[in-house]
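Residues per chain are reported as follows:
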Amino acid sequence: MKLEDTISQATRVWLEVFGIWPNSSCIFLRRMFWTAALIIEQVGQYQYIIMHLYSTEVSEIMNLLSAAMSFTLFCIKLGTFWYKQRTFKKILAMMAIDWDKCFRAEFDTFTTINHAKLSQRFSNTIVALFSIAAILYSTNIVRMGTDKTTNASIRQPLILEMDLPFGDGRFVYELVIIAQFLHLVICSCCIASVNALLVNLILHASGQIEILREWLMKIFPKEKERDANLFMVKKAIRKHQKIIIFSEHIEELYSNIAMALFVSDTLVICFLGFIIVTSIGTPDATRIIIRTVVFYFVINMEAFIFCFAGEYLSSKSQSIADAAYDSYWYESYTTDNRIIPFLIMRSQSQLSITIGKITNLSLERFTSIIRVSASYVSVLHAMY
């Protein structure tokens, strides 16, 4: 395996399509195309919501807002990666160096490859789930739009509702449906790839932390052999510094994204929960639930991925101090083991991903998202 195998092929392909992966061909043209496509899509969605705010049912407005806000969050992710391309390059360069060095020791090789395979499984699963959600969200509307019994005088629905500035003939309608379906599936794959990339980076950092822990256990010999391996001490300190820098780059790349996600996903989960609750017992309950439940699941999964990644990185960084303390530092001379207290104190300052430099991503934050969303659903349902 090599660096290219750390990040799954599916993830890399979609990052290249949207001009995120460094040094990909025609990167400027790709960015211009997707900028224009997303601006047109966002303007059309929000314009439709404003124009039909008082003439459409509350549940449908919330469905439209959920889709629009999900694309808005995607635009923020895309813009962040484009703006911080240098940081992303530094991350990939550090991963390449780690891969070059890991083949010098059996444990290092095994740990790095094991985490790379785990990253691939997670990435492929996330991309598949987001793709299924996009397809299920679309198929129900496509079925309605292509139903032969539909009254011609009634406006046929679109996958992404918007007022189009041209005719609504059958041929034009089918072209728009196909274009929207492809746009939705492709964008959902890229959203999944950006989320999967975070998992890849965190698992790579985790692998490097495990390698560092192994080194710390070997620095000080057992029992009465009192001479510490000073070369390994220096090597471990440099390794720890590189892990800290690597996590800081991840934090720089995902901190603002996490802030936007925390706000957006709270509202989207609230809206989708309200739609599911109010649809129960209605004639169209099956259609609405099929369209909404998987979308609701992947939005929750997206929030969970970010929060779990922050929690996992923090807990792994704390394990460095445990490994240092569990080593046989007390069997060595004071001049050799005096570095251990400094390493322990530095490890107690947790590596983390923050929500806009305000608070750390953790499972506690995820529970707060779910709790706040459920509270909003209760309030809206009582007012409905």
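Please refer to the structure higher up on the page.
Now for a description of the structure that goes with this document. Quick caveat: nothing in here was measured; it's all calculated off a predicted structure.

Counting 102 residues, the largest nonpolar core has Ile 20, Phe 81, Phe 88, Leu 216, Ile 250 and Tyr 254 as its most contacted members. The biggest single contributor to this core is helix α7 (residues 170-219), with 25 residues. Sequence-distant contacts of Ile 250, defined by excluding residues within four places in its chain, comprise Ile 91, Leu 198, Leu 201, Ile 202 and Ile 353.

Bringing unusual backbone geometry into the picture now. The backbone of Asn 23 shows a phi angle near 65 degrees, a positive value even though the residue is not glycine. Position of Asn 23 among the secondary structure elements: in the loop between α2 (9-17) and α3 (27-51). On the basis of relative accessible area, Asn 23 is assigned to the exposed category, the value being 72%. Positive phi values are uncommon outside glycine, yet Lys 357 reaches one of about 65 degrees.

Taken together, Lys 101, Arg 104, Lys 234, Lys 235, Arg 238 and Lys 242 make up a surface patch of like positive charges. Counting residues per element, the positive patch draws most heavily on helix α8 (residues 230-279), which supplies four residues. Among the structural elements, Arg 104 can be located in the loop between α5 (85-102) and α6 (106-145). Residue classification places Arg 104 among the exposed positions, given a relative accessible area of 70%.

Together, Met 259, Val 263, Leu 267, Ile 358, Val 372 and Tyr 376 line one region of the surface with nonpolar side chains, adding up to about 500 Å² of accessible area. Of all elements in the fold, only α8 and α12 (363-383) reach the threshold of two or more residues within the nonpolar patch. By residue number, the principal contributor to the nonpolar patch is α8, which donates three residues. Assignment of secondary structure puts Leu 267 in helix α8.

This part is about the side chain of Ser 59. Looking at the secondary structure, you find Ser 59 in helix α4 (residues 58-83). Not counting chain neighbours up to four residues away, the residues in contact with Ser 59 comprise Phe 274, Ile 275 and Thr 278.

What follows concerns empty space enclosed by the protein. If you roll a probe as big as a water molecule over the atoms, it shows you where there is empty space left. Within this structure, the stated rule accounts for four cavities of 30 Å³ or more. Size it by volume and the largest cavity reaches roughly 270 Å³. In terms of lining residues, the largest cavity is bounded by 20 residues, among which Ser 70, Leu 184, Ser 188, Ile 191 and Phe 295 are the most central. For the lining of the largest cavity, the secondary-structure elements that each account for two or more residues are α4, α6, α7, α8 and α9 (285-326). The leading source of residues in the lining of the largest cavity is α4, at six residues. When the residues that make up the lining of the largest cavity are grouped by side-chain class, the tally is 14 nonpolar, three polar and three charged. Each pocket or cavity is described by its volume, and for the second largest cavity that value is around 50 Å³. In this structure, the second largest cavity is lined by Gln 45, Ile 49, Leu 64, Ala 67, Tyr 137, Ile 159, Leu 160 and Glu 161. Residue composition of the lining of the second largest cavity, by class: six nonpolar, one polar and one charged.

Scanning all chains against the criterion turns up five salt bridges. Between Lys 316 and Glu 210 there is a salt bridge whose closest N-O contact spans 2.9 Å. Within this pair, whereas Lys 316 is found in helix α9, its partner Glu 210 is found in helix α7, the two being separated by 106 residues in sequence. Residue classification places Glu 210 among the partly exposed residues on the basis of a relative accessible area of 24%. The salt bridge partner of Arg 365 is Glu 364, with a shortest N-O separation of 3.7 Å. Overall, the relative accessible area of 18% leaves Arg 365 in the buried class.

Let us look at the packing of α2 against α7. Following both chains from N to C, one finds α2 and α7 inclined at 120 degrees, their axes separated by 9 Å at the closest point. Overall, the two elements α2 and α7 adopt an arrangement that is oblique. Viewed along their axes, α2 and α7 form a crossing whose handedness is left-handed. Contacts between α2 and α7 involve Ala 10, Thr 11, Trp 14 and Leu 15 on the former and, on the latter, Ile 186, Cys 189, Cys 190, Ser 193, Val 194, Ala 196 and Leu 197. Considering only residue class, the contact of α2 with α7 consists of nine nonpolar, two polar and no charged.

The subject of this paragraph is the environment of Leu 203. As for its placement among the helices and strands, Leu 203 is situated in helix α7. For the pair Leu 203 and His 115, spaced 88 residues apart in sequence, the C-alpha separation works out to 6.0 Å. Setting aside chain neighbours within four positions, we find Leu 203 in contact with His 115, Leu 118, Ser 119, Phe 122 and Tyr 312.

With respect to the helices and strands, Lys 242 occurs in helix α8. Residue classification places Lys 242 among the partly exposed residues on the basis of a relative accessible area of 35%. Sequence-wise, Lys 242 and Asp 98 are 144 residues apart; in three dimensions their C-alpha atoms are separated by 9.8 Å. Sequence-distant contacts of Lys 242, defined by excluding residues within four places in its chain, comprise Met 94 and Lys 101.

Conventions we followed
- Residues numbered from 1 in each chain as written.
- Predicted model: local features only at pLDDT ≥ 70, side-chain atom pairs only at ≥ 80, totals over all residues.
- Heavy atoms only, no water.
- Core = buried A, V, L, I, M, F, W, Y, C linked by side-chain atoms within 4.5 Å.
- Buried < 20%, exposed > 50% of the residue type's maximum accessible area, 1.4 Å probe, protein only.
- Helix = DSSP H or I, 4+ residues; strand = E, 2+ residues; numbered from the N terminus.
- Contact = heavy atoms within 4.5 Å.
- Patch = residues over 30% accessible without salt bridge, like charges linked within 9 Å, V, L, I, M, F, W, Y side chains within 5 Å.
- Areas by Shrake-Rupley, 256 points an atom, 1.4 Å probe, with all protein chains shown as cover.
- Salt bridge = Lys/Arg side-chain N within 4 Å of Asp/Glu carboxyl O.
- Lys, Arg positive; Asp, Glu negative; His and termini not counted.
- Charge placed at Lys NZ, Arg CZ, Asp CG, Glu CD.
- 1 Å grid on protein atoms, 1.4 Å probe; cavity = no way out; pocket = protein on both sides within 12 Å on 5 of 7 lines; lining within 4 Å.
- Points joined across faces, edges and corners; volume = space filled by probe spheres on them.
- Nonpolar A, V, L, I, M, F, W, Y, C, P; charged D, E, K, R; others polar.
- Axes fitted to C-alpha atoms, helices over the stretch in contact; angles between N-to-C directions.
- Parallel < 35°, antiparallel > 145°, perpendicular 65-115°, else oblique.
- Left-handed = near helix turned anticlockwise from the far one by under 90°.

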